[in-house]
Amino acid sequence: MKLGADISLARRARKISVDDFAASMGVSRSTLHRLEKGDAGVSLNTLASALNSLGRLDLLENIIDQTKDDVALMLLRQKIPQRVVGKRRKKAQNMALENNEDEQKPHENTELAGW
């Protein structure tokens with residue numbers, strides 16, 4: 001709804017008639033009215049034509065700006081680890097784990113028989 005109202009405002013601010021604007025977009029007058037009223041059934045191509053006629057096609061570049069996509073940013077934040085272990089520390093942790101595993105293995109009887 002707001003998008004259509006904004007297009008209507010931009011058209012009127014430029015003093016472009018409905019007939020001239022629809023002709024420059026390559027759509028019918030009724031399609032332009034549907035766009036300006038915020039009809040969800042109007043195609044993206046019609047929106048792009050309106051923006052192009054207004055000289056603002058650049059606005060489509062930011063229609064799904066990744067830096068403003070809160071859901072995607074939230075999902076990315078959830079994947080960030082709570083801790084980051086440096087290479088040295090990670091190597092030391094791996095060595096400690098290996099030593100721990102060695103201690104838990106049953107030791108062979110190294111005592112000589114009869115002693």
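Residues numbered from 1 in each chain as written. Predicted model: local features only at pLDDT ≥ 70, side-chain atom pairs only at ≥ 80, totals over all residues. Heavy atoms only, no water.

## What about the overall build of the chain?
Counting secondary structure elements, the chain contains six helices and zero strands. Overall, the chain shows an N-to-C arrangement of helices and strands of α-α-α-α-α-α. Out of the 115 residues in the chain, the part that is buried amounts to 18%. Within the chain, counting contacts between residues at least 6 apart in sequence, those at least 24 apart form 41% of the total. (Helix = DSSP H or I, 4+ residues; strand = E, 2+ residues; numbered from the N terminus. Buried < 20%, exposed > 50% of the residue type's maximum accessible area, 1.4 Å probe, protein only. Contact = heavy atoms within 4.5 Å.)

## Remarks on the environment of Gly-4
With respect to the secondary-structure elements, Gly-4 resides in helix α1 (residues 2–13). Judged by its relative accessible area of 2%, Gly-4 falls in the buried class. With residues near it in sequence (within four places) discarded, Gly-4 still touches Leu-35, Glu-36 and Gly-38.

## Some thoughts on unusual backbone geometry
Residues other than glycine seldom take positive phi values, yet Lys-15 does so here, at roughly 55°. For Lys-15, the location among the structural elements is in the loop between α1 and α2 (18–25). Among the residues examined, Lys-15 registers a relative accessible area of 76% and is labelled exposed.

## Topic: the side chain of Glu-36
Locating Glu-36 in the fold gives a position in helix α3 (residues 29–37). Not counting residues within four places of it along the chain, the set of residues in contact with Glu-36 comprises Gly-4, Ala-5, Ile-7, Ser-8 and Arg-11.

## A short note on the nonpolar core
In this structure, Ile-7, Phe-21, Met-25, Leu-32, Leu-35, Ala-50 and Leu-54 are the most contacted members of the largest nonpolar core, which totals 13 residues. Looking at this core, the elements that each hand over two or more residues are α1, α2, α3 and α4 (44–53). Setting aside chain neighbours within four positions, we find Ile-7 in contact with Phe-21, Leu-35, Glu-36, Leu-47, Ala-50 and Leu-54. (Core = buried A, V, L, I, M, F, W, Y, C linked by side-chain atoms within 4.5 Å.)

## Notes on the packing of α2 against α4
Where α2 meets α4, the closest approach of the two axes is 9 Å, and the angle between their N-to-C directions is 115°. The angle between α2 and α4 falls in the class roughly perpendicular. The crossing of α2 and α4 is right-handed. The segment α2 lies against α4, with Phe-21, Ser-24 and Met-25 engaging Thr-46, Ser-49, Ala-50 and Ser-53. Split by residue class, the contact of α2 with α4 holds three nonpolar, four polar and no charged. (Axes fitted to C-alpha atoms, helices over the stretch in contact; angles between N-to-C directions. Parallel < 35°, antiparallel > 145°, perpendicular 65-115°, else oblique. Left-handed = near helix turned anticlockwise from the far one by under 90°. Nonpolar A, V, L, I, M, F, W, Y, C, P; charged D, E, K, R; others polar.)

## Some thoughts on the packing of α2 against α3
Interaxial distance between α2 and α3 falls to 9 Å at its minimum, and their mutual angle equals 100°. It follows from the interaxial angle that α2 and α3 lie roughly perpendicular. Two secondary-structure elements touch here, α2 through Val-18, Asp-19, Phe-21, Ala-22 and Met-25 and α3 through Arg-29, Leu-32, His-33 and Leu-35. Considering only residue class, the contact of α2 with α3 consists of six nonpolar, one polar and two charged.

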